[in-house]
Each structure stands twice: as structure tokens, then as C-alpha cells.
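# Summary of structural features
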Amino acid sequence: MKKEDGRLRGMDGLRGVAIIAITLFHMFPSVFRGGYLGVVLFFVLTGFLLVVSAKKKMDQKEFSLRDYYLARIKRIYPPLLVMVFTTLGIYFILAKDALYNMKMQVFSILAGFNNWWQISQSIDYFTRIANTSPFSHLWFLSIEMQFYVIFPLLLFGMYKLKDKKGESFTIKTMLGVTAGFALVMPILYLCRVNVTRLYYGTDTRIYSLFAGMLLGWIYTKGEATKKNFYTSIGLLGVFVISCFIFDGRMPVVYLFVLALMTVISLYIVERTADSSISLDVPVLKWIGQHSYEIYLWQYPVIYLFQYKDWNTNFVIYLFEFVILILLVVWSNYFLKVFKYKQIKPKFQKAMLACGIVGFVFQATGVIALATSKKIDSAELHKRIAENEKAIEANKRNAKSDGSVEKGKVDDYASSGNSQKVSDKGLFCLGDSVMLSAYTNIQDIYPDATIDAAVSRQIYHALDILSWYQSQGNIHNTVVISLGTNGVLDENTVEQLLEIIGKDKSIFWVNVYAPGVEWEASNNKYLNELAKKHSNVTIIDWNSYISKHTDLLEADGIHPIEEGADAYAHLIQEKINEVMQKQKEIEKKANK
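Below is a short write-up of the structure.

On to the packing of helix α3 (residues 65-94) against helix α7 (residues 139-165). Where α3 meets α7, the closest approach of the two axes is 11 Å, and the angle between their N-to-C directions is 175°. Considering their axes alone, α3 and α7 lie roughly antiparallel with respect to each other. Together, Leu65, Tyr68, Tyr69, Arg72, Ile76, Tyr77 and Leu80 of α3 and Leu141, Met145, Tyr148, Val149, Phe151, Pro152 and Phe156 of α7 make up the contact between the two elements. When its residues are assigned to classes, the contact of α3 with α7 shows 13 nonpolar, no polar and 1 charged.

Here you go:
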């Protein structure tokens, strides 16, 4: 193997490519829709490099559990602690409202189970909303930390198996285990398990690390050729193209794309390692060598600009990149303060200044964590609980007169909806935002059927709608309020519209959830959906409530009582507006 400074040649360049993809995805999710695939390449690299390094030490009888775990701790925790507490300190000054419910979140990060903590928050909707934070990206680090813990056991087990059953049996066993775990995600997806659970789960993602381990186990130095370099570049081209194609809403991502990208990553790593031309060009090499710090700092920077609504033009995004790199450099220098005497005298003053700034932010961060409070949602919980009981007690047939009101003209498209709109026998389907406004909607539409629930996502709606459809409960007009709890999956939305029917008018309330990463993408998708389907009309809750945030609960998502009333009247206003236009169309048609 050709190595430089103890590093396998080309691996820093691959890390650089992966972290660039992830950073661009976090910053421009609507453009680099599949940039999250860089995580797969990272997982494969981690498994591969750990085994290559450990095998050499095992073969030389130099592998030490103590040294292994100490090395992982020294690499992970100093930069992590600096990032976490500095971020808390900066946010305490600039965005204190974003620091609710931080104590348990920080504990889950440092203890290495943040991915499972984030999954658990999807169960309790209110704490899930509070989890939107500058640390949401650290689910990835938690999976890596969990893998680091069990890696020596896996390594010793493979050596034990090799001694007893032979090399071939060991490889086949590892291949079987990897393939088995690779099937977990598509199976759970077909069972309609929450996508958050699939994406963050250790059991659904660890096969990429196992695949990297397998490659590291069987890897032997081949002939370093230009052909391998060109093959590597070609496969990286496939990876880059995928970053523009595979949106997280696509079912194929969970069914086979993540697994396919794992296979492609294996070939990329293997061919890069045997390339006569190194990918470690200066810029990529530097980025790759600092990929961990770049990953740590990128989301706190991006989230702050998103939370403060500072992203007004492209120059601001460039400014974010500059801040990110400066924080990476600063944090590296800050950690060197503890080796002050080893620093050359001419750099000591600059280093001391970095240290003072760092300690100020760190101390502020400790205060921020100590004073972080849970969101007081008692009133909201009470109202939600009362509305849930009311829905169960007052569920009724959506029919007002037992029939669908037929349109008097063939096409009402110029009204804002191509199908006949009626406020009689309205059917409403939504999540907890609609649930919080249940009584307000019911007051306006006494004969409406409203089915809203906490934590409801788009995939929950299929079975619910199918049941109401089978009962003949869906008439002219359907109001939908979904998209707060997760990404609106295109395939599922299309199925939903198919169940409702092309002859029904649909009003979709868009999403207001500042700081939630899918808010913008969901609203953009809904606008595209309305252009694609002429029977879909958007009710712009986002634009209205963003100008009246005093009508929201402390979580910044759910309306207070006055806000719930505004929500219900916004629905009424849009329906009435379209109905009035349709009446005018009918009058003109009858002349």
C-alpha cells in the first residue's frame, strides 16, 4: 500500500469529496438533493480504514484495547466538546430561543446515543419539535461511536472464526451478516415504518460499516495503475450525479439506493487505494484531514443562518462557508492552547487570544446548558387532549345531504381549483396543528368530519383515507394539513391524491415550522404539486403566521387559541374565495 505520513493514499481526498457533498446538501437541500449519500461513503471508509489499521497491528501482535479506545476518545471528544459548548455560548447570545430542551440532547450526544434519542422524539411529537436544533446532524457521529465500541469484539470474532473455520468461511459469514442488515431498511420501509427511524437507526445503517470492514479484511495491495484512477473518477462521477438526483422523499432511496451506494463506495475506495494517481490534491486533502471538524461545525453555522432568516442572497452562503472554515481553524488552534509551551514564541500571543475567546464562549455555553428549559406546553397538551376526546366522541358521517354536489360546468380551473368546491360535508385530515384548531374548524363547519392526530405523517394518511372512502364519507372537498412532522414523500402523496380522486377538490394547508429542515422543501413541493394537479389549491398558512408569530405557542409551531381561530378562518377564507369564483363562472356559463 502506498502511504503518505501513515495514511492510506487517496483516502483523505475521498473524505474531502464526502464532506463537500454533505455540506452542500445541508446548505442547498433543494439543489444537492442527494448530498446525504456522502454519509454512506464515510461509513464505508470508517469500516475499511479501521480494519486495515487494526489488521496490521494484530498481525504484529501490537493491537491494544486500551490504546484503541484512548485513541478514539482523544480524536472524538476534544473537538466535540469545543463545538458543543461554543455553539451553546454563541446561541445563548444570538438565538436563545433555539436552546430549549438542551440538557438531554447534549447528554445523548456525549454518551453516543443521539441517533436513538432523535428517533424517540418522533414518538412524543412535542419534544420532537423541540429537537430541531444546531445538533440534529450528530446522529451520524453517534452511529460511528457505537460502532467504535463494538469494533474490537467484531475484529476478535473474525480472527477467532478464521482460526476455527478458515478465511473463506469468515468472509462468507461477514458477507451474510452485511447482506442481512442491508435488508432491514427496505423491509421496514415496506412495513411503513417512520423514515426518521430508518435513516437514523443503527440497525438500518450499520451494514455500510460492515461492508467497509469486509473490504478492509480482504483488501490486498494491487498494482497501482492509471486505469484504477480513471475507474475511481468514473465511479465518483456516478456519486456526484446521484447527489443531484436522489431526493430523500423517493421510496427508491430506502428500498435500494443507499445499499447500491454502499456497493459503489466499496469500489471507489478499493480503486482509489490502488490508483497510481492520488486523489489527495492539496485542497481535497486539507478538507479530508479536517472532515470531522467540518462536519461538527457545519450544521450549527447553517442552522443559525436559517433560524435567523439571514440567507437573503448567495453572498450570505459564501459568508457561511468562510465562517465554517474559520471555526474549523480556530477550534484546532484553541485545542493547542493546552500545549502552550510547545508553541513557537512568535505564535504564542495569537494562540493565547484564541484561547481566551474560546474559554469565554465555553463558559457561556455551560451557563446556556445549565439554564436551558423545557418548552412549557401544558396548555397546548390540555387543548390537544380535549380535542382528541371531542374527535372520538363526535366523529360523524361527512355527508350533509347524502350526496356529492355536482359541478354545473366542466372545468373550474380559473377559480383556483378545477373541481367543484363545496363547504357542505367537508372532510379534514391533518396533524397536531389542525388538531389544535379542531373546535375552531368545527364551529365554522358544523357538519365537517375532522380526523387529526399528534405525530401524523403523510404515510399514516393512506389507510385513514381508504377507510373513509370505503364508508362513502368523502364528498366534494378535502382539506389536508400534513407536512409538519416529516418529509412529504412524493410517491405517498400521489397515492393519497389517487385515493381521494381526481373529481374532488383538495385544499392543502402548507407548513410553518421554523428551524425544521423539511419546512422549505415541503412547501416548495406543495407549490409544485398544485401546478401539477389542477384540483389542488394551497392555503398559505406559512405566509400568514410568519407575520403573526404572537399567535403561536412557545414551540413556535402550534397556534394558541387565537391562532387556532385564525387558522380555521384562513381555511374558510380560501374555500369561500374559490367558491365565489366558481359561482361567477357558473353564471357566465348560464348566460
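That was the structure; now back to the text.
With that settled, consider unusual backbone geometry. With the exception of glycine, most residues fall at negative phi, and the peptide bonds are largely trans. Even without being glycine, Lys61 reaches a positive phi, approximately 60°. Topologically, Lys61 is positioned in the loop between α2 (38-59) and α3. Judged by its relative accessible area of 77%, Lys61 is exposed. One non-glycine residue, Arg192, lies in the positive phi region at around 60°.

Let us now look at helix α4 (residues 102-111). Taken together, the buried positions of α4 are Met102, Gln105, Val106, Ser108 and Ile109. Here the buried residues of α4 occupy an arc of 160° about the axis, which is enough to place them on one side.

Strand order in the open sheet made by the 5 strands is β4-β3-β5-β6-β7, with parallel pairing throughout. Edge positions in the sheet fall to β4 (449-452) and β7 (536-539), since each of these pairs with one other strand and no more. If you compare each strand with its neighbour and ignore which way they point, the axes differ by 15° on average. When strand β3 (residues 427-430) meets strand β5 (residues 477-481), the two strands line up parallel, connected through 4 bridges.

In a packed pair of helices, the relevant descriptors are the angle between the two axes and the axis-to-axis distance. Running from N to C, α2 and α7 cross one another at 35°; their axes reach a closest spacing of 11 Å. As for the relative orientation of α2 and α7, their crossing is right-handed in sense. Mapping the contact onto sequence places Val39, Phe42, Phe43, Thr46, Gly47, Leu50, Val51, Ala54, Lys55, Met58 and Asp59 in α2 and Trp139, Phe140, Ile143, Glu144, Phe147, Tyr148, Phe151, Leu155, Phe156 and Tyr159 in α7.

Conventions adopted
- Residues numbered from 1 in each chain as written.
- Predicted model: local features only at pLDDT ≥ 70, side-chain atom pairs only at ≥ 80, totals over all residues.
- Heavy atoms only, no water.
- Axes fitted to C-alpha atoms, helices over the stretch in contact; angles between N-to-C directions.
- Helix = DSSP H or I, 4+ residues; strand = E, 2+ residues; numbered from the N terminus.
- Parallel < 35°, antiparallel > 145°, perpendicular 65-115°, else oblique.
- Contact = heavy atoms within 4.5 Å.
- Nonpolar A, V, L, I, M, F, W, Y, C, P; charged D, E, K, R; others polar.
- Buried < 20%, exposed > 50% of the residue type's maximum accessible area, 1.4 Å probe, protein only.
- Arc of directions from axis to C-beta.
- Pairing = 2+ DSSP bridges.
- Left-handed = near helix turned anticlockwise from the far one by under 90°.

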